[in-house]
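Survey of secondary and tertiary structure
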Amino acid sequence: MNLEQKTDKFAEYINQSNNIVFFGGAGVSTESGIPDFRSSSGIYNKNEEYNTPPEVILSHTYFFENTEKFYDFYKSKMLYLNAKPNNAHKILAKLEKKNKLKAVITQNIDNLHQEAGSKNVIELHGTVKNNFCLDCRKKFDVNYIIERKNVPYCDNCGGIIKPDVVLYEEQLNYEAVNSAINYITKADMLIVGGTSLAVYPAAYYVSCFFSDNKNTNKKSVIINKTTTDYDKIFDISINEKIGEVLKKVYSELYVDN
Ligand code: APR
């Protein structure tokens with residue numbers, strides 16, 4: 001199938017489905033100006049100024065042993081507070097409003113799905129919006145973090161403040177993981193987008209959807225600029241920009257409202 005045929009089929013699948021779940025990653029936000037991780041222009045490939053791999057800097061151990069350097073990297077490379085939702089975020093929110101899409105499951109921490117209007121967003125890796133004192137657990141918003149020079153300390157007890165994001169070596173939030181599995185196994189259509197599916201449990205979620213083959217008329221689409229190891233198991237795989245693809249597919253479904 002060519003791109004035109006793929007997007008026509010994609011639109012047909014959405015018309016036939018009422019329990020769609022979206023699973024995405026950093027590639028959903030690149031059209032909002034936020035770099036992804038593993039593309040050639042990704043955060044993990046631009047670490048010349050840090051002589052430590054970003055995957056090490058973004059780890060639990062590094063946070064506690066090199067808190068200053070962690071925050072230097074985190075504030076300069078992981079916070080994009082002026083970024084705005086792009087077409088991908090907006091169309092997914094519209095599909096939820098039309099009661100087609102039941103949940104967005106994201107690996108992203110940028111809150112852009114919520115800013116686009118999505119209500120049911122499962123953030124597997126947490127969010128930059130929430131931060132808390134390691135000692136007294138007092139909560140702080142992200143502005144408190146950026147307004148402080150380097151390491152932010154609690155104004156209540158002086159403890160170190162940590163962003164509520166899942167660092168390497170840390171457990172994912174149990175409720176979020178379980179809820180994601182629940183939605184994915186019940187879905188009649190899975191749309192995966194903007195993720196290399198490189199990190200657990202991303203690939204596990206994909207297998208959850210495909211393993212339950214009782215419901216044979218389930219549909220699956222993956223939209224990723226570069227090919228992934230899982231493309232061929234999806235009914236449709238589109239290696240294009242997700243914002244552009246979703247905008248086109250949506251325009252085939254509804255007069256834009
Ligand atoms: N449209 C579609 N796909 C895109 C776009 C776009 N506009 N921009 C980038 N991509 C694709 C890239 O080709 C890449 O395959 O999105 C994918 C992003 O993959 P990664 O950079 O590996 O990001 P992600 O899959 O979200 O990583 C998962 O790894 O390090 C951890 O916590 C980090 O949440 C992250 C997790």
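Above this note sits the structure.
Details of the packing of helix α5 (residues 87-97) against helix α10 (residues 242-253)
Here α5 crosses α10 at 35°, and the two axes come no closer than 8 Å. You can see that α5 and α10 cross each other, and the crossing is left-handed. Here α5 contributes N87, A88, I91, L92, K94 and L95 to the contact with α10, which in turn contributes I242, G243, L246, K247, Y250 and L253. Residues that form the contact of α5 with α10 fall into these classes: eight nonpolar, two polar and two charged.

Some points on the pairing of strand β4 (residues 126-133)
Burial within β4 is extensive, with six of its eight residues counted as buried. Two strands pair when backbone bridges link them, and β4 and strand β6 (residues 161-165) are joined in this way by four bridges, in the antiparallel orientation. The residue bridging F132 from the neighbouring strand is K162, located in β6. Sheet topology note: the β4/strand β5 (residues 139-140) ladder contains two bridges and is antiparallel. Bridged to N131 within β5 is F140. Linkage of β4 to β5, two consecutive antiparallel strands, is achieved through a turn of five residues, within which R137 is found at a positive phi near 65°.

Structural notes on unusual backbone geometry
With an omega dihedral of 5°, the bond running from Y200 to P201 counts as a cis peptide bond. Positive phi is not limited to glycine here, since N111 has a value of about 65°. For N111, the position within the fold is in the loop between β2 (101-106) and α6 (112-115). Owing to a relative accessible area of 12%, N111 belongs among the buried residues under this scheme. In the Ramachandran plot, E169 falls in the positive-phi region, its phi being about 80° despite a non-glycine side chain. The class of E169 is exposed, set by a relative accessible area of 57%.

Structural notes on the site of the ligand
Surrounding the ligand, one finds 23 residues, the nearest of these being R38, Y44, Y168, S196 and T226. F37 places a main-chain nitrogen or oxygen 2.8 Å from an oxygen atom of the ligand. Contact between the ligand and T195: an oxygen atom at 2.7 Å from a side-chain N or O atom of the residue. Its residues placed into classes, the shell around the ligand shows six nonpolar, 11 polar and six charged.

A short note on the sheet that holds strand β1 (residues 20-24)
Working definition: the strands of a sheet are paired by backbone hydrogen bonds and lie parallel or antiparallel to each other. Spatial ordering of the open sheet is given by β3-β2-β1-β7-β8-β9, a layout of six strands whose pairing is parallel. Pairing within the sheet leaves two strands with one partner each, and these edge strands are β3 (121-123) and β9 (236-238). Neighbour-to-neighbour, the strand axes of this sheet turn through a mean angle of 15°, independent of strand direction. Where strand β7 (residues 189-193) lies against strand β8 (residues 219-223), five bridges are found, and the strand directions are parallel. Residue pairing in the sheet places G193 in a bridge with I223 of β8. Docked against the sheet, helix α8 (residues 174-186) engages β1, β2, β3 and β7, running at close to 135° with respect to β3.

Here's the deal with the environment of I109
Within the secondary structure, I109 sits in the loop between β2 and α6. Each C-alpha atom of the pair I109 and A93 lies 17 Å from the other, and the pair is 16 residues apart in sequence. Filtering out sequence-adjacent residues up to four positions away, I109 remains in contact with M78, H125, G126, T127, V128 and V165.

A few points about the sheet that holds β6
If you walk across this open sheet you meet the three strands as β5-β4-β6, and the pairing is antiparallel. Edge positions in the open sheet fall to β5 and β6, since each of these has one partner strand only. Lying over the sheet, helix α4 (residues 67-78) contacts β4 and β6, oriented at roughly 45° with respect to β6.

Looking at the packing of aromatic side chains
Counted by the stated rule, this structure contains 13 aromatic pairs. Note on F63 and Y71: the rings are 6.0 Å apart at their centroids and 65° apart in plane angle, and the pair reads as edge-to-face. For the pair F63 and Y71, one class covers both residues: buried. Consider the rings of F70 and Y71, whose centres lie 5.4 Å apart with planes at 90°: the pair is edge-to-face. In terms of burial, F70 and Y71 fall into one category: buried. Connected via pairs of aromatic rings, a cluster forms that spans F63, F64, F70, Y71 and Y74. The cationic tip of R148 hangs over the ring face of Y144; the distance from NZ or CZ to the ring centre is 3.5 Å. It is K162 that lies over the ring of F63; its NZ or CZ is 5.8 Å from the centre.

What counts and what doesn't
Residues numbered from 1 in each chain as written. Predicted model: local features only at pLDDT ≥ 70, side-chain atom pairs only at ≥ 80, totals over all residues. Heavy atoms only, no water. Axes fitted to C-alpha atoms, helices over the stretch in contact; angles between N-to-C directions. Helix = DSSP H or I, 4+ residues; strand = E, 2+ residues; numbered from the N terminus. Left-handed = near helix turned anticlockwise from the far one by under 90°. Contact = heavy atoms within 4.5 Å. Nonpolar A, V, L, I, M, F, W, Y, C, P; charged D, E, K, R; others polar. Buried < 20%, exposed > 50% of the residue type's maximum accessible area, 1.4 Å probe, protein only. Pairing = 2+ DSSP bridges. Near = heavy atom within 4 Å. Polar contact = N/O pair within 3.5 Å; in protein donor to acceptor, adjacent residues only side chain to side chain. Phe/Tyr/Trp six-rings, centres within 6.5 Å; stacked < 30°, edge-to-face > 60°. Lys NZ or Arg CZ within 6 Å of the ring centre and 35° of its normal.

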